[in-house]
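Observations on the model geometry
If you want the building blocks of each chain, they are given just below.
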Amino acid sequence: MKLLRVDPERPDPAVIAEAAAMIRRGGIVAFPTETVYGLGADALDPAAVTRIFAAKGRPTYNPLIVHCADLAEARSLAVEWPPAADALAKLYWPGPLTLVVRKNPIVPDEVTASLPTVAVRVPNHPVAAALLAASGRPIAAPSANRFTEISPTTAEHVAKGLADRIDLVLDGGPTPVGIESTVVDLSGPHPVLLRPGSFDASRIAAAIGGLSLSTGVYTGTAPRPAPGMTPRHYAPRATVFLLLEDDPARSAAAILRDAKASTGRVAALLRELPTIDGVDRIVAMPRDAGEYARRLYSVLHELDDEGYEVVLVESPPDDPEWAGVADRLARAATR
Ligand code: TXA
Ligand code: MG
């Protein structure tokens, strides 16, 4: 794997041109978006898209998000562009919002897991934007991690999981948002939130007159609307426990009593509690939801690297701003 450093604010056109040429040749390239690093390929080239699944070890029933240079390109991949999509694109693009719409037949089945819909977003990161512009292609890109592992927020995280499996990574430093985009399905009669992300989704509901929450957890191999719907996803190697809200200290003591005998070192991600007895490493996490999201995956990667086997996590507040973080923590804690 070749690693090319690139200025995240003003990417060098020569470096971008090299990555864009790789995309046009059917190669796969990891690149930073504002949320997490993506592993991209030409979305209209089925063979290139297949290489993404092979590199990630991702089951083919998981559809990919297609990144677009602008609204016009996104619309060109849809057979129908509902008014709600226009409204949300106007409010959030470029940005960390993905829209699911009915697909144009030019989008290969490899991208959409044969679903009649396609997920599109216009990312707000200068490196992603430059790569899309230079390649002249829509770029299908899941997060650049092995299937079920934690999403990467740095090029080092990408290399850890995929170094021997991909052609090129553009290293634009840490990604600013830190958790994956919000996904909203606009292909049916009612808009549905498939995956909460970095912002309060009630703003979406207000903008388009309602938003239902996706309920189902999918199992088996039927195409699933969101990997978020595979119960265990975004998980570190360590066993993650969410502490009970009412009495986190007591809940930690109970978990440690059960866990200590059989396991090694224990870390805790705390927000309000100053400390927990019997924990080897305390990580003081930010009290702001956005800051917390930005740090979360990076901290989990670090604890994995350092060999912690148990991670206790103080529960996030029950507040719409925290929905994305709460979702990722709940999945990390699923066994
Ligand atoms: O922030 C992000 O969204 C990052 C960056 C790289 O853009 N990408 C990402 O991709 O998180 P991935 O593959 O890890 O998650 C894609 C999400 C999944 O929840 C997937 O199921 C959903 O988008 N999705 C893709 N196509 C879909 C479709 N046709 N219908 C419903 N959901 C879809
Ligand atoms: Mg992912």
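Here is a short report on the structure shown in this document.

Rules used in this analysis
Residues numbered from 1 in each chain as written. Chains lettered and ligands numbered in written order. Predicted model: local features only at pLDDT ≥ 70, side-chain atom pairs only at ≥ 80, totals over all residues. Heavy atoms only, no water. Helix = DSSP H or I, 4+ residues; strand = E, 2+ residues; numbered from the N terminus. Expected span 1.5 Å × (residues − 1). Contact = heavy atoms within 4.5 Å. Polar contact = N/O pair within 3.5 Å; in protein donor to acceptor, adjacent residues only side chain to side chain. Axes fitted to C-alpha atoms, helices over the stretch in contact; angles between N-to-C directions. Parallel < 35°, antiparallel > 145°, perpendicular 65-115°, else oblique. Left-handed = near helix turned anticlockwise from the far one by under 90°. Nonpolar A, V, L, I, M, F, W, Y, C, P; charged D, E, K, R; others polar. Salt bridge = Lys/Arg side-chain N within 4 Å of Asp/Glu carboxyl O. Buried < 20%, exposed > 50% of the residue type's maximum accessible area, 1.4 Å probe, protein only. Phe/Tyr/Trp six-rings, centres within 6.5 Å; stacked < 30°, edge-to-face > 60°. Lys NZ or Arg CZ within 6 Å of the ring centre and 35° of its normal. Pairing = 2+ DSSP bridges. 1 Å grid on protein atoms, 1.4 Å probe; cavity = no way out; pocket = protein on both sides within 12 Å on 5 of 7 lines; lining within 4 Å. Points joined across faces, edges and corners; volume = space filled by probe spheres on them.

To continue, consider helix α1 (residues 13–24). Taking 1.5 Å of rise per residue, the 12 residues of α1 would be expected to cover 16 Å, and the 16 Å separating its terminal C-alpha atoms lies within 8% of that figure. Against β1 (2–5), β2 (29–32), β3 (37–42), α6 (126–135), β7 (139–140) and β8 (168–171) lie the buried residues of α1. Between the side-chain oxygen of the N-cap and the backbone nitrogen of Ala14 there are 2.9 Å, and the N-cap of α1 in question is Asp12. Directly after α1, the chain includes Gly26, whose backbone phi takes a positive value near 90 degrees.

One can describe the packing of helix α10 (residues 289–305) onto helix α11 (residues 323–332) by two numbers: an axis separation of 9 Å at closest approach and a directional angle of 30 degrees. Comparing the axis directions of α10 and α11 gives the class roughly parallel. Here α10 runs over α11; the crossing is left-handed. Counted together, Ala289, Tyr292, Ala293, Leu296 and Tyr297 of α10 and Val325, Arg328 and Leu329 of α11 form the full contact between these two elements. Across the contact of α10 with α11, the residue classes break down as seven nonpolar, no polar and one charged.

Here the focus is the pattern of salt bridges. Enumeration according to the criterion identifies 15 salt bridges in this entry. Across the salt bridge formed by Asp167 and Arg51, the nearest N and O atoms sit 3.3 Å from each other. Placement of the pair is Asp167 in the loop between α7 (155–162) and β8 and Arg51 in helix α2 (residues 46–56), with a sequence separation of 116 residues. Close ionic contact of Glu302 with Arg281 constitutes a salt bridge, the shortest N to O distance being 3.0 Å. Of this pair, Glu302 sits in helix α10 while Arg281 sits in strand β14 (residues 281–284), placing them 21 residues apart in sequence. Given a relative accessible area of 23%, Arg281 falls into the partly exposed group. Bridged by salt links that share partners, the residues Glu180, Asp327, Arg328 and Arg331 form one connected network.

Turning our attention to the packing of aromatic side chains. The final tally for this structure, using the stated rule, is three aromatic pairs. Seen from their ring centres, Tyr292 and Trp322 are 5.2 Å apart, and the 70 degrees between their planes marks the pair as edge-to-face. Here Tyr292 is found in helix α10, whereas its partner Trp322 is found in the loop between β15 (310–313) and α11, with 30 residues between them in sequence. The exposure class assigned to Trp322 is buried, which follows from its relative accessible area of 5%. Looking at Arg265, its charged tip hangs above the ring of Tyr308, at a distance of 4.3 Å from the centre. Against the face of Trp322 rests Arg271, its NZ or CZ located 5.4 Å from the ring centre.

Here we have four strands laid out as an open sheet, ordered β12-β15-β13-β14, and parallel in their pairing. This sheet does not close on itself; its edge strands, each paired only once, are β12 (239–242) and β14. In this sheet, adjacent strand axes meet at a mean angle of 20 degrees when their direction is disregarded. Note that strand β13 (residues 266–270) and β14 share four bridges and pair parallel. Looking at the pairing, Ala268 lines up with Ile282 of β14.

Glancing now at the sheet that holds strand β4 (residues 65–67). Judged by pairing direction, the sheet is mixed, and its 11 strands sit side by side in the order β1-β8-β2-β3-β7-β4-β6-β5-β9-β10-β11 without closing on themselves. Strand pairing shows two members of the sheet lacking a second neighbour, β1 and β11 (212–213), which therefore form its edges. Where β4 and strand β6 (residues 117–121) come together, three bridges link them in parallel fashion. Bridged to His67 within β6 is Arg121. In this fold α6 packs onto β2, β4, β7 and β8, with an angle of close to 135 degrees to the strand it touches most, β2. Contacts from α7 reach β1, β2, β3 and β8, with the element oriented near 160 degrees to β8.

Another aspect to go through is unusual backbone geometry. For the bond running from Trp93 to Pro94, omega is -5 degrees, close enough to zero to count as cis. Along the chain, Pro94 turns up in the loop between α4 (83–92) and β5 (97–102). The backbone of Thr148 sits at a positive phi, close to 70 degrees, despite the residue not being glycine. We classify Thr148 as partly exposed; its relative accessible area is 27%.

Turning our attention to empty space enclosed by the protein. Going through the model one piece at a time under the given rule, you end up with one cavity of 30 Å³ or more. For the largest cavity, the calculated volume is near 40 Å³. Lining the largest cavity, in full, are Ile179, Gly197, Ser198, Ala289, Gly290, Ala293, Glu321, Trp322, Gly324 and Val325. Those elements that provide at least two residues to the lining of the largest cavity are α10 and α11. Ranked by residue count, the leading element in the lining of the largest cavity is α10, at three residues. Of the residues that constitute the lining of the largest cavity, the class distribution is five nonpolar, four polar and one charged.

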